Amino acid sequence: MTGDPTQTRPTIALGADHAGVELKATLRAVLEGEGYPVLDLGTNGTESVDYPDFGTAVAQAVVGGRARFGVLVCGTGIGISISANRIPGVRCANVHDSTGARLTRAHNDANVIAFGARLTGPEVALDALRAFLSTPFEGGRHERRVRKLSPDWERTP
Ligand code: RB5
C-alpha cells in the first residue's frame, strides 16, 4: 500500500490582479491537475483591482501556515512581489524563467513566486513554476544569508 501520492503535495496559495487573472487560472488548472491543494485568493474577474491586496493576502496565507508556497501574477510581477515582500517571513521572487525559479528556491528559500503576465508566457511560467516547486533549498552558506532576510527563518522540511 503506497497510499495516494497527491496527499503529500503542499498547498499553494494563488493571487493575481486583473492583469494576471488569465495566467493565474492557467497555473491553477495545472496545479490542480497535478494534485496540489490550491487556495485561490482572487481576483477572479477582469475588473480593475489593486495588486497589493492580493500580494498581501497570499503572503499572509504563507506566513500564517495556510499554504506552503504562494504564486502571484500581475502585469509585470513587480508590484505584486513588492507587496508580498513587505510581509515578514516572505521571500518572494519575481521570476522570468525556470533558471531563476530554481535558483531562488535553492539559494533564497523563496516561498512565493511572482510572474508578470504581460512579460512571461504561460509555457515559460509553467516550466518556472514546476522548477520552483521541485527544487529544495540548498542550505549551507545560504542559511546565513536567508536569516539576514528573515531573522525568524527555520528550515522547512
Ligand atoms: C496594472 O495595470 C499593473 O500596474 C499591475 O498589474 C502590475 O504590473 C504592477 O506592478
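Before reading further, recall that the structure is shown in the block above.
About the criteria used
- Residues numbered from 1 in each chain as written.
- Predicted model: local features only at pLDDT ≥ 70, side-chain atom pairs only at ≥ 80, totals over all residues.
- Heavy atoms only, no water.
- Helix = DSSP H or I, 4+ residues; strand = E, 2+ residues; numbered from the N terminus.
- Buried < 20%, exposed > 50% of the residue type's maximum accessible area, 1.4 Å probe, protein only.
- Contact = heavy atoms within 4.5 Å.
- Near = heavy atom within 4 Å.
- Polar contact = N/O pair within 3.5 Å; in protein donor to acceptor, adjacent residues only side chain to side chain.
- Areas by Shrake-Rupley, 256 points an atom, 1.4 Å probe, with all protein chains shown as cover.
- Nonpolar A, V, L, I, M, F, W, Y, C, P; charged D, E, K, R; others polar.
- Core = buried A, V, L, I, M, F, W, Y, C linked by side-chain atoms within 4.5 Å.
- Pairing = 2+ DSSP bridges.
- Axes fitted to C-alpha atoms, helices over the stretch in contact; angles between N-to-C directions.
- Salt bridge = Lys/Arg side-chain N within 4 Å of Asp/Glu carboxyl O.
- Parallel < 35°, antiparallel > 145°, perpendicular 65-115°, else oblique.
- Left-handed = near helix turned anticlockwise from the far one by under 90°.

Participant: Got a minute to help me understand the environment of Gly89 in this structure?
Facilitator: For Gly89, the location among the structural elements is in the loop between α3 (78-85) and β4 (92-94). Residue classification places Gly89 among the partly exposed residues on the basis of a relative accessible area of 30%. It is 8.8 Å that separates the C-alpha atoms of Gly89 and Asn111, two residues lying 22 residues apart in sequence. Setting aside anything within four residues of it in sequence, one finds Gly89 in contact with Val63, Asn111 and Ser150.

Participant: Where do I start with the site of the ligand in this structure?
Facilitator: Near the ligand the following residues occur: Asp17, His18, Ala19, Tyr51, Cys74, Gly75, Thr76, Gly79 and Arg118. One nitrogen or oxygen atom from the main chain of Gly75 is found 2.7 Å from an oxygen atom belonging to the ligand. Gly79 places a main-chain nitrogen or oxygen 2.9 Å from an oxygen atom of the ligand. Protein burial of the ligand: of its 290 Å² of free accessible surface, 72% is covered by the chains. Considering only residue class, the shell around the ligand consists of 3 nonpolar, 4 polar and 2 charged.

Participant: Can you help me understand the nonpolar core in this one?
Facilitator: One recurring pattern in soluble globular proteins: nonpolar side chains tend to sit buried together. Grouped together as the largest cluster of nonpolar side chains are 23 residues, with contacts concentrated most on Ile12, Leu27, Val71, Ile113, Phe115, Leu129 and Leu133. At the level of secondary structure, the elements contributing two or more residues to this core comprise β1 (12-16), α1 (21-33), β3 (69-74), β5 (112-116) and α5 (122-134). Ranked by residue count, the leading element in this core is α5, at 7 residues. In contact with Val71, other than residues within four places in its own chain, are Ile12, Ala13, Leu14, Gly15, Leu27, Val58, Val112, Ile113, Phe115 and Leu129.

Participant: Looking at this structure, I do not really get the sheet that holds β1. What am I missing?
Facilitator: Hydrogen bonds between backbone atoms are what pair the strands of a sheet, whose relative direction is either parallel or antiparallel. Pairing within the open sheet is parallel, and its 5 strands lie in the order β2-β1-β3-β5-β4. Of all strands in the sheet, those bounded by a partner on one side alone are β2 (38-40) and β4. Going from strand to strand, the sheet's axes swing by 20° on average, the running direction of each strand aside. Against the sheet, α5 contacts β1, β3 and β5, and its axis sits at roughly 170° relative to β5.

Participant: I keep staring at the pattern of salt bridges and nothing clicks. Help me out?
Facilitator: Side chains carrying opposite charge are able to pair once their charged atoms draw close together. Tallied over the entire structure, the rule returns 8 salt bridges. As a salt-bridge pair, Arg28 and Glu32 come within 3.1 Å of each other at their nearest N and O atoms. Linking Arg28 with Glu32, this pair stays in helix α1, spanning 4 residues, or about one helical turn. Judged by its relative accessible area of 29%, Arg28 is partly exposed. In this structure, a network of salt bridges that share partners links the residues Lys24, Arg28, Glu32 and Asp40.

Participant: I tried to follow helix α4 (residues 98-108) on my own but got confused; where do I start?
Facilitator: Because an α-helix packs 3.6 residues into every turn, residues spaced three or four apart end up facing the same way. Looking at α4, one finds that the buried residues are Ala101, Thr104, Arg105 and Ala106. Where α4 is buried, its residues contact β3, β4, β5, α5 and α6 (141-149). A positive phi of about 50° marks Asp109, the residue just after α4.

Participant: Would you explain the packing of helix α2 (residues 51-63) against α3 in this entry?
Facilitator: Packed helices, taken two at a time, are described by the angle between their axes plus the distance between the axes. Between α2 and α3, the shortest axis-to-axis distance is 8 Å and the interhelical angle comes to 45°. By the angle between their axes, α2 is oblique relative to α3. Crossing angle aside, the handedness with which α2 passes α3 is right-handed. From α2, Tyr51, Pro52, Phe54, Gly55, Thr56 and Ala59 reach across to α3, where they touch Gly79, Ile80, Ser83 and Ala84. Here the residues of the contact of α2 with α3 sort into 6 nonpolar, 4 polar and no charged.

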